[in-house]
Amino acid sequence: MTDAPEDTDYEVRPARTTDIPGILSLLEPWVQKRILLGKERVTLYETVQEFVVAAAGDRLVGCGALHVMWEDLGEIRTLIVADDWLHRGVGGAVVDALERKARMLGLTRLFCLTFEVPFFARRGFETIGEQVVDPDVYSQLLRSPDEGVAEFLDLAHVKPNTLGNTRMLKLL
């Protein structure tokens, strides 16, 4: 299955602080379905620079974030497309923007934790096992308070949050 042709009635751009209410609106239905973990408003403001958004006029129709985890490693997070904008190229355009951002930062690997395996596989992501960083980096990452890093490391305390998700990695 391939994505439908892109609809060009939207733009993908860096998120602004004024986009946070729209990002929360996109996120909330997925939190209610227990597919994505909720994020506090303050956390979204603190990490707004990680996000890109897809905007159709004044409405946000998609978003995603790039979180740097290590010197060469980042994670695509909070990738969401509004239901009525699915299969119109928005998700792919957001991922493309995040990949460009990752390359500009010097990252060479991108991680994601997802239920949408075919979507990410079409974009060059592959399913990974448990150990994808060397032991020294692993010991450093263990010090991070970020839950996403714990999910990347596949730590036991986050397993209830990750049930059914697939850990994937792409080399840039």
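Draft legend 1. The arrangement of the sheet that holds strand β4 (residues 73–81) in detail. Pairing is mixed across the open sheet formed by 7 strands, whose spatial order is β1-β2-β3-β4-β5-β7-β6. Edge positions in the sheet fall to β1 (11–14) and β6 (126–127), since each has one partner strand and no second. In this sheet, strand β2 (residues 51–56) lies alongside β1 in antiparallel orientation, the contact comprising 4 bridges. Residue Arg13 lies in a different strand from β2, and its bridge partner there is Val53. On top of the sheet, helix α3 (residues 90–105) reaches β1, β2, β3 (59–70), β4, β5 (109–114) and β7 (166–171); it is set at about 30° to β3, its chief contact.

Draft legend 2. Seen up close, the nonpolar core. With 39 residues, the main nonpolar core has Tyr10, Ile23, Trp85, Val90 and Phe120 as its most contacted residues. Counting only elements with at least two residues in this core, the list comes to α1 (20–32), β2, β3, β4, α3, β5 and α4 (117–121). Per element, the largest residue contribution to this core is 7 residues, and it comes from α3. With near-sequence residues (within four places) excluded, Phe120 lies in contact with Ile76, Leu79, Val95, Cys112, Thr114, Phe125 and Met168.

Cut-offs and rules
- Residues numbered from 1 in each chain as written.
- Predicted model: local features only at pLDDT ≥ 70, side-chain atom pairs only at ≥ 80, totals over all residues.
- Heavy atoms only, no water.
- Pairing = 2+ DSSP bridges.
- Helix = DSSP H or I, 4+ residues; strand = E, 2+ residues; numbered from the N terminus.
- Contact = heavy atoms within 4.5 Å.
- Axes fitted to C-alpha atoms, helices over the stretch in contact; angles between N-to-C directions.
- Core = buried A, V, L, I, M, F, W, Y, C linked by side-chain atoms within 4.5 Å.
- Buried < 20%, exposed > 50% of the residue type's maximum accessible area, 1.4 Å probe, protein only.

That's the geometry; what it means functionally is another story.
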